[in-house]
Amino acid sequence: MLRRRNTFSPFAGSEDDDPMSVVSNLFDVAMVFAVALMVALVTRYNMTEMFSQEDFTMVKNPGKDNMEIITKEGQKINRYTPSEDQSKSDGAKGKRVGIAYELETGEIIYVPE
């Protein structure tokens, strides 16, 4: 039983023999996954204010050793991490010198270390 091939069919030569076509499809899937992951992280950690036009200051891990202060002024985002001996590119150095407490009356007390 010998079958004849129909060479006049519009789908006769449409088989894709290019092995690189699979790689391009994987790249497209990876890009869609990456964008979806970024959107999910931004909404999960409530970081939508990063995309607004308002200026803000945010303190991560207040009072702990890994505390960070993040400020947004216009389009510029600054990140400051206080430490015992921190040097910047401009040569300025700083260290923690005390703790400030706010009482129930609204009074602020500074306690040097």
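What you see is a predicted model; the values in this text were computed from it and never measured.

A. Structural view of the pattern of salt bridges. The full count for this structure, using the stated rule, is two salt bridges. Between K60 and E68 there is a salt bridge, with the nearest N and O atoms lying 3.4 Å from each other. A relative accessible area of 13% means that E68 is categorised as buried. For R79, the salt bridge goes to E68, with nearest N and O atoms at 2.9 Å.

B. Looking closely at the confidence of the model for the chain. Residues of the chain with pLDDT of at least 70 account for 73%, and the chain-wide mean is 76. Least confident of the elements in the chain is strand β4 (residues 86-87), whose mean pLDDT is 52; most confident is helix α1 (residues 20-44), at 88.

C. Representation of the environment of N78. Topologically, N78 is positioned in strand β3 (residues 76-80). Since its relative accessible area comes to 27%, N78 is described here as partly exposed. Sequence separation between N78 and T57 is 21 residues; the distance between their C-alpha atoms is 9.4 Å. Residues in contact with N78, not counting those within four places in the same chain, are I69, I70, T71 and E73.

The rules we used
Counting starts from 1 at the beginning of each chain's written sequence and moves along it residue by residue. Where local features are concerned, this predicted model is filtered to residues with pLDDT of at least 70; where side-chain atom pairs are given and counted, the filter is 80 or more; whole-chain, interface and lining totals use all residues. Computation of side-chain values covers all heavy atoms of the structure but excludes hydrogens and water. The rule for a salt bridge is simple: a side-chain nitrogen of Lys or Arg has to be within 4 Å of a carboxyl oxygen of Asp or Glu. Relative accessibility decides the category of a residue: with a 1.4 Å probe and only protein chains considered, values under 20% of the type maximum give buried, values over 50% give exposed, and everything between is partly exposed. Known as pLDDT, the predictor's per-residue confidence is scaled from 0 to 100. Here a helix means four or more residues in a row that DSSP labels H or I, a strand means two or more in a row labelled E, and each is numbered from the N terminus. Contact criterion: two residues are considered in contact whenever any of their non-hydrogen atoms come within 4.5 Å of each other.

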